[in-house]
Amino acid sequence: MTGPIPLSGRQPKAVRSALHVLEEVVSAGPGVTAKEISESLAMPQATTYRILNLLVAEEYLVRLPDLSGFALGRRAGRLALPATTALNTAARAVVDHMRGQTRWAVHLASYAGEQIALIDPDPDHPAPDAGQLARFPYAFALGRLLLAEQADWRALVRELRPFTARTVTSESDLDRTLKAVARDGVARQCGEVREDRGCIAVPIRGPRDGRLVAGLALAGPTARIAEPNEEIIRLLRDHAARLAPLLA
Amino acid sequence: MRDDAPVRLRSRSPVEGLERRRLRPLEVVAQSVSGAAPSAAMAATPAIVAVSAGHGTVWSFVIATVLALLIAGCIARFTRRMAASGGLYSLTAKGLTPAAAYASALASLLGYGLLAAAALVGAIVYLDALIGEVVGATPGRAGAAVIMAVIGLGTAVLVLRGARLSARVVLAVESVSITLMLIVFSLLLAGGPAAGAPAEPTAMPPPGAGGILAGVLPALAAFIGFEIATALGTEVRKPFRSVPRAVGLTAAVTGVLYVFAAQVQVFGFSATPGGLAGQTEPVVALAAANGWGWLPVLLDLGLVMSFFACCLAASTALARVLFSLSRDRVAPRVMGRTHRRFRTPHVAIAASVPVTTGLPVVLLAAGVPLMSVLVTMLTLAACGFLLAYLLVCAAAPVFLHRIGELTWPAVAVSAVIVPILLVVLVAFVVTRPLSGVLLGGLAVLGAVGYLLLRLRRPAALAAIGVYDETTTGDVLFPHRGAA
């Protein structure tokens, strides 16, 4: 009465069934119904329903608005590691061109599967720590671009830990910062990860659907990053626009 | 890919504006438990049940608990699959006709509104008694009216400031209240039966099956409000797990508390002529028999806190139902607005709390005895809730059939619970003539409202039942799905 039996490691069959159901939703495509899944897996209906409800509760699956069809939830995207896409020559040339325009570091990050992956870190400068970037995205300009895109950024932030005295650590401050990022289309952090370094990042969006696919970032001394930098932001946006058709 | 079934997703949820997925599961459990207000029922209901059930009082509560668990099971068929802000009517809409959903919405508004008002009255009644016990003088009618207005204002502020804040207050207050009640009842149990004329130990009516069943009526009414978590589906983390659990857990926990309280009181009066059934204030009488004059202070404090938490929880739910009805375009559109910072339906709160506070203040000022106001309001609220439960239980198997996930236990549970609830509802109305008349009047008003709505906004009525749909932001590769 109080819900499905909780899965423990002692129920290998249940775990296996859950994985089969997940796989079936992927291969059948969005909109597949519980009955169809139960039939194609030859799994008892009640079991299938229970597993589906469990996967929905854990947000690996979602029910579509008709409530009978299923699709992969966003959380399922976190099961796969981001595909390390080898950057094509044309895109690399654009990033290198940007590097030629500035003495600061230029990094390119992909947001495939809602995970931040540095796909072209600047070879002449130290790159941000990939682990920190993934775990504490709120402190990084590249991370804030991703968070600002979320309906609820809290889903991707586990804890707000300070790195320096400047790090944003209150939920309401971060919320305000992210709203500004979404509004202005540019993210910035000044000395929030390291006292002496700051970063500006602009989004790269798919030309057809406007979905956030990557971010182009510029890292430099804190004091200089804090300046308006209108010219350099225009330059970043310019290059981001040229990268968009090459990455999407 | 399935080309035959294009997936259309909205980019925004129809209930956007509320703080989505923030409440902790425990905070939602606290709201549901407070809605049921177990402390008050623990003190008052066993004596009412005993009038018909006699020594079988405990069994009436056991049966009522099983029924509450079955209702929770029916509600869970929906809440495991969808998250809503409108509570039971949003769920009913997915199984039954728009007319049934509309009836459920009105029943919920009546239920939550009167529950909030009754809780306010209850808080005042026992606060009055508490002040009397501690200070020796009561605040009088004007003083009570002022206190009532202040509590009403406090409720409005807390509910407005956000679901999380009020949920935390409710959690803290209800925990203290239940702890106090457990202390009180454990002491009474340890104190043994009250001494009385030992000649006739079994003066209570014999516990026939009919008596026990009649006792189920008031016992089941003690559970009303336990489903409040369903109105917070949009705002809780992992709603498909948290909401069904909160409702089921509340039914189980309050059931255990009631059975315990009933057992203590039946045992306490086992040596008294007339038994528990003859008592108007059983806990106070038991405390007096043990010579514990201070025990009523603890009891009254627990009751005041419980009623306050209940008022908060019911006001929260009431505002959500109004908000959801507005997003359905059934209620005025302005009630669907949300506060930009607090992310609560502030217009719906501003429209509802003054009514639920004003009604008891006016009745108090008019000199109507508060205890009878409390009983009448709770009776009417119970009728509203029972109707909403009846509809949602009937809707459950239809809903499952519609989405192709029907199983035989779902049919069996509804087949058992729906006729029982129908009998309970009819018996409830028939045995309380005043409520019957008032309800009849409300039903006529509701029917008129329905007809007007059907004439003016047939499309809105046909589409009633918004919920927190899956949006493009929730799905992995939403664009691939649309291909």
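Every chain begins its residue count from 1, and numbering advances along the sequence as written. Chain A is the first chain written and ligand 1 is the first ligand written, with later ones labelled in order. Whole-chain, interface and lining totals are the exception, using all residues; otherwise, since this is a predicted model, local features are given only for residues with pLDDT of at least 70 and side-chain atom pairs are given and counted only at 80 or more.

**Describing the overall build of chain B**
Test applied: In this text, helices come from DSSP runs of H or I with a minimum length of four residues, and strands from runs of E with a minimum of two, each type numbered from the N-terminal end. Think of it this way: build a C-beta for each residue from its backbone, and any pair within 7 Å is a contact.
From N to C terminus, chain B includes 17 helices and zero strands. Taken along its principal axes, the extent of the C-alpha atoms in chain B is 85 × 50 × 40 Å. Partitioning the intrachain contacts of chain B with sequence separation of at least 6 by distance along the chain shows that 85% fall at a separation of at least 24.

**Thoughts on the pairing of strand E6 (residues 187–190) of chain A**
All names here are of chain A. Selection criterion: Our exposure labels follow a C-beta count within 10 Å of each residue's own C-beta, placed from the backbone: buried means 20 or more other C-beta atoms, exposed means 12 or fewer, and partly exposed covers the counts in between. Two strands make a pair as long as DSSP finds a minimum of two bridges between them.
Of the two faces of E6, both are covered, the one formed by Ala187 and Gln189 as well as the one formed by Arg188 and Cys190. Bridging between E6 and strand E7 (residues 197–205) involves four bridges; their strand directions are antiparallel. Bridge pairing in E7 places Gln189 opposite Cys199.

**Some points on the UniProt feature "domain: HTH iclR-type" (unreviewed entry) in chain A**
Test applied: UniProt positions are given in the numbering used here, feature names are shortened, and annotations may be inferred rather than shown by experiment.
Here, UniProt's "domain: HTH iclR-type" (unreviewed entry) annotation points to residues 12–74 of chain A. Along residues 12–74 of chain A, the helical share is 60% and the strand share 14%, with 25 Å between the first and last C-alpha atoms.

**A word on the environment of Pro30 of chain A**
Tracing the backbone shows Pro30 of chain A in the loop between helix H1 (12–28) and strand E1 (32–33). Taking the C-alpha atoms as reference points, Pro30 of chain A and Arg194 of chain A, 164 residues apart in sequence, are found 44 Å from one another.

**Topic: helix H4 (residues 89–100) of chain A**
All names here are of chain A. The cut-off we apply is this: Here a helix's expected span is defined as the number of its residues, less one, multiplied by 1.5 Å. Directions are taken from the helix axis to each C-beta atom, and the arc is the one they span.
Compared with the 16 Å implied by 1.5 Å per residue over twelve residues, the 16 Å span of H4 between its first and last C-alpha is a close match. By the burial criterion, the buried members of H4 are Ala91, Val94, Val95, Met98 and Arg99. Each buried residue of H4 lies within a common arc of 145° when the element is viewed along its axis, so the set occupies one face. Structural note: H4 exposes Thr89, Ala90 and Gly100 on the side pointing more than 90 degrees away from its buried face. At its buried positions, H4 is contacted by strand E4 (105–110), strand E5 (117–120) and helix H9 (230–247).

**Looking at the interface of chain A and chain B**
How big an interface is tends to be expressed through the accessible area that disappears when the partners come together. With 32 residues of chain A in contact, the opposing surface of chain B contributes 34 residues. Counting only elements with at least two residues in the side of chain A that touches chain B, the list comes to helix H2 (34–41), helix H3 (45–57), strand E2 (61–63) and strand E3 (69–72) of chain A. If you tally residues by element for the side of chain A that touches chain B, the top one is H3 of chain A, at six residues.

**Section: the sheet that holds E3 of chain A**
All names here are of chain A. Where we set the bar: Here an axis means a line fitted to C-alpha atoms, over the contact stretch when the element is a helix, while the angle between two N-to-C directions is reported on a 0 to 180 degree scale.
Strand order in the open sheet formed by three strands is E1-E3-E2, with antiparallel pairing between adjacent strands. The sheet terminates laterally at E1 and E2, the two strands that pair on one side only. Pairing between E1 and E3: two bridges, direction antiparallel. Within E3, the position partnered with Val32 by the bridge is Phe70. Together, E2 and E3 form the strand contacts of H3, whose direction differs from that of E2 by roughly 100°.

**Here's the deal with the confidence of the model for chain A**
As a reminder of what qualifies: Confidence scores here are pLDDT values: one per residue, from the predictor, ranging 0 to 100.
Residues of chain A with pLDDT of at least 70 account for 94%, and the chain-wide mean is 87. E7 of chain A holds the highest mean pLDDT among the elements of chain A, 94, whereas helix H5 (residues 130–135) of chain A holds the lowest, 84.

**Side note on the nonpolar core**
Generally speaking, a soluble globular protein has its nonpolar side chains buried in company with each other. To keep it simple, the criterion reads: To define a nonpolar core, we join buried Ala, Val, Leu, Ile, Met, Phe, Trp, Tyr and Cys residues through C-beta atoms within 7 Å and take the resulting set.
Membership of the largest hydrophobic core comes to 200 residues, with the highest contact counts inside it found for Ala119, Ala123, Phe307, Ala381 and Val392 of chain B. Among the elements that make up this core, the one with the highest residue count is helix H5 (residues 98–135) of chain B (23 residues). Among residues more than four places away in sequence, those in contact with Phe307 of chain B are Ala37, Ala40, Ala119, Gly122, Ala123 and Tyr126 of chain B. Within the second largest apolar cluster, 45 residues are counted, among which are Trp104, Val202, Leu218 and Ala244 of chain A.

**Some details on the confidence of the model for chain B**
Residue and element names in this part refer to chain B. When the pLDDT values of chain B are averaged, the result is 88; 94% of them are 70 or greater. Averaged pLDDT values for the elements of chain B fall to 50 in helix H17 (residues 478–481) and rise to 96 in helix H4 (residues 88–92). Below pLDDT 50 for its whole length, residues 197–203 participates in eight contacts with residues either more than four positions away or in separate chains. Here the predicted complex carries an ipTM of 0.84, next to a pTM of 0.83.

**What to know about the sheet that holds strand E8 (residues 212–221) of chain A**
Residue and element names in this part refer to chain A. The sheet built from five strands is open, its strands ordered E5-E4-E8-E7-E6 with antiparallel pairing. The sheet is open, and its two edges are formed by E5 and E6, each paired on a single side. The average undirected angle you get between the axes of adjacent strands in this sheet is 30°. Along the sheet face, H4 touches E4 and E5 and points at about 150° away from the line of E4. Across the face of the sheet, H9 comes into contact with E7 and E8 while running at roughly 40° to E7.

**Things to note about the packing of helix H11 (residues 295–327) of chain B against helix H12 (residues 346–365) of chain B**
All names here are of chain B. The cut-off we apply is this: What sets the label is the angle itself: under 35 degrees gives roughly parallel, over 145 gives roughly antiparallel, 65 to 115 gives roughly perpendicular, and the rest give oblique. Note on convention: the crossing is left-handed when the near helix lies turned anticlockwise from the far helix by less than a right angle, right-handed when the turn is clockwise. Charged means Asp, Glu, Lys or Arg here, nonpolar means Ala, Val, Leu, Ile, Met, Phe, Trp, Tyr, Cys or Pro, and polar covers whatever is left, Gly included.
As a packed pair, H11 and H12 sit with axes 9 Å apart at the nearest point and diverge in direction by 135°. Considering the angle they form, H11 stands oblique to H12. For the crossing formed where H11 meets H12, the hand is right-handed. Facing H11, whose interface residues are Ser315, Leu318, Ala319, Leu322, Phe323 and Ser326, H12 presents Ala348, Ile349, Ala351, Ser352, Val353 and Thr356. Of the residues in the contact of H11 with H12, the class split is eight nonpolar, four polar and no charged.

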